[in-house]
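Architecture and fold: a report
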Amino acid sequence: MLNGIWGFFMIGGILTGAFLGRMDLVTQAVIGGGKSAMELAFTMAGVVAVWSGVLKIAERGGMIDRLAGEMNPLLDVLFPSVPRRHRARKYIAANFAANFLGLGWAATPAGLRAMEELQKLNREEQGTASAAMCMFLTVNMTSLQLVTVNILAYRTEYGSGNPAEIIGVGIAATLITTLAGTLAAKGMERRKRNGAAASRF
């Protein structure tokens with residue numbers, strides 16, 4: 001899907017440039033875009049490498065297990081079907097911590113492991129996500145963040161005079177989206193549960 005969208009934009013841009021006789025701008029955009037992409041990739045690789053290392057050290061030092069324990073009250077509300085001692089909680093806690101710091105890329109490995117563990121608890125029919133899996137995806141997609149490290153890196157790379165000025169707005173925006181997403185997911189979960197209970201009578 002995304003490949004088709006990007007392909008459409010690229011071909012459309014090239015054809016538009018040719019039609020208007022401005023292929024020089026298309027060439028400049030290709031060269032400049034490639035250069036910017038490489039520079040940004042190196043910048044973000046450094047950010048991800050540092051924070052992935054920090055998370056790995058935290059995991060080996062037992063900090064992630066402790067974090068999961070501290071987050072139990074929240075995880076009990078969001079994932080009541082996941083036992084407290086289950087490995088899924090450890091990876092969910094690590095993923096939430098990374099996302100909370102705005103380290104979306106560094107959160108991906110923990111997120112994948114969390115989904116693998118949640119699948120082991122999935123009692124739905126094959127190909128259907130469980131309520132816990134849906135909730136986990138919802139929180140990830142709405143992305144509650146305290147410090148948007150990735151965005152700060154982007155803004156620094158592109159010469160922002162004050163890269164940190166978006167922190168307050170980012171916290172407010174992600175707080176609203178996370179609350180809305182969580183409430184919607186809980187509402188759908190309750191609706192499905194009530195529907196299943198009604199079908200038994």
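So, how was this worked out
- Residues numbered from 1 in each chain as written.
- Predicted model: local features only at pLDDT ≥ 70, side-chain atom pairs only at ≥ 80, totals over all residues.
- Heavy atoms only, no water.
- Helix = DSSP H or I, 4+ residues; strand = E, 2+ residues; numbered from the N terminus.
- Buried < 20%, exposed > 50% of the residue type's maximum accessible area, 1.4 Å probe, protein only.
- Contact = heavy atoms within 4.5 Å.
- Areas by Shrake-Rupley, 256 points an atom, 1.4 Å probe, with all protein chains shown as cover.
- Salt bridge = Lys/Arg side-chain N within 4 Å of Asp/Glu carboxyl O.
- 1 Å grid on protein atoms, 1.4 Å probe; cavity = no way out; pocket = protein on both sides within 12 Å on 5 of 7 lines; lining within 4 Å.
- Points joined across faces, edges and corners; volume = space filled by probe spheres on them.
- Nonpolar A, V, L, I, M, F, W, Y, C, P; charged D, E, K, R; others polar.
- Core = buried A, V, L, I, M, F, W, Y, C linked by side-chain atoms within 4.5 Å.
- Expected span 1.5 Å × (residues − 1).
- Phe/Tyr/Trp six-rings, centres within 6.5 Å; stacked < 30°, edge-to-face > 60°.
- Axes fitted to C-alpha atoms, helices over the stretch in contact; angles between N-to-C directions.
- Parallel < 35°, antiparallel > 145°, perpendicular 65-115°, else oblique.

1. Things to note about the overall build of the chain
- Per the secondary structure count, the chain includes nine helices and zero strands.
- Overall, the chain shows an N-to-C arrangement of helices and strands of α-α-α-α-α-α-α-α-α.
- Looking at the chain as a whole, 30% of its 201 residues are labelled buried.
- Partitioning the contacts of the chain with sequence separation of at least 6, the portion at a separation of at least 24 is 63%.
- Accessible area for the chain stands at about 13,200 Å²; split by element, carbon and sulfur atoms hold 68% of it.

2. Observations concerning the pattern of salt bridges
- Here the structure, examined in full by the defined rule, presents seven salt bridges.
- With a shortest N-O distance of 4.0 Å, Arg87 and Glu117 are connected by a salt bridge. Here Arg87 is found in helix H5 (residues 87-100), whereas its partner Glu117 is found in helix H6 (residues 104-120), with 30 residues between them in sequence.
- Between Lys186 and Glu189 there is a salt bridge whose closest N-O contact spans 3.8 Å. Here Lys186 and its partner Glu189 are both found in helix H9 (residues 167-199), three residues apart, which amounts to about one turn of the helix.

3. Here we look at the layout of surface pockets
- By volume, the largest pocket is sized at about 630 Å³.
- Lining of the largest pocket is provided by 24 residues; of these, Glu124, Ser130, Ala131, Ala132 and Glu189 occupy positions nearest its centre.
- Listing elements by their share of the lining of the largest pocket, those giving two or more residues are helix H7 (131-142) and H9.
- A per-element tally of the lining of the largest pocket places H9 first, with seven residues.
- By volume, the second largest pocket is sized at about 340 Å³.
- Split by residue class, the lining of the second largest pocket holds 13 nonpolar, four polar and no charged.

4. Focus: the nonpolar core
- Of all hydrophobic cores here, the largest spans 20 residues; its most connected members are Phe79, Ile92, Phe96, Leu118 and Phe136.
- Those elements that place two or more of their residues in this core are helix H4 (72-78), H5, H6 and H7.
- Beyond its immediate chain neighbours, meaning those up to four positions away, Ile92 contacts Leu75, Phe79, Ala114, Leu118 and Phe136.

5. A closer look at H5
- Under the 1.5 Å per step criterion, the end-to-end length of H5 is 20 Å for 14 residues, consistent within 8% with the ideal 20 Å.
- Of all 14 residues making up H5, eleven are buried, and the element is well covered by its neighbours.
- Those residues of H5 not exposed but buried are Ala88, Arg89, Lys90, Tyr91, Ile92, Ala93, Ala94, Asn95, Phe96, Ala98 and Asn99.

6. Considering the packing of aromatic side chains
- If you walk through the whole model with that rule in mind, you get three aromatic pairs.
- A ring pair is formed by Phe79 and Phe96, whose centres lie 6.3 Å apart and whose planes are at 40°; its orientation type is tilted. You can see Phe79 sitting in the loop between H4 and H5 and its partner Phe96 sitting in helix H5, a full 17 residues away along the chain. Accessibility assignment for this pair places Phe79 and Phe96 in one class, buried.

7. Structural notes on the packing of helix H3 (residues 63-70) against H5
- Contact geometry of H3 with H5 gives a least axis separation of 8 Å together with a crossing angle of 95°. Relative to H5, the element H3 lies roughly perpendicular. Note on element contacts: H5 touches H3 through Arg89, Lys90, Ala93, Ala94 and Ala97, opposite Ile64, Asp65, Leu67 and Ala68.
- Split by residue class, the contact of H3 with H5 holds six nonpolar, no polar and three charged.

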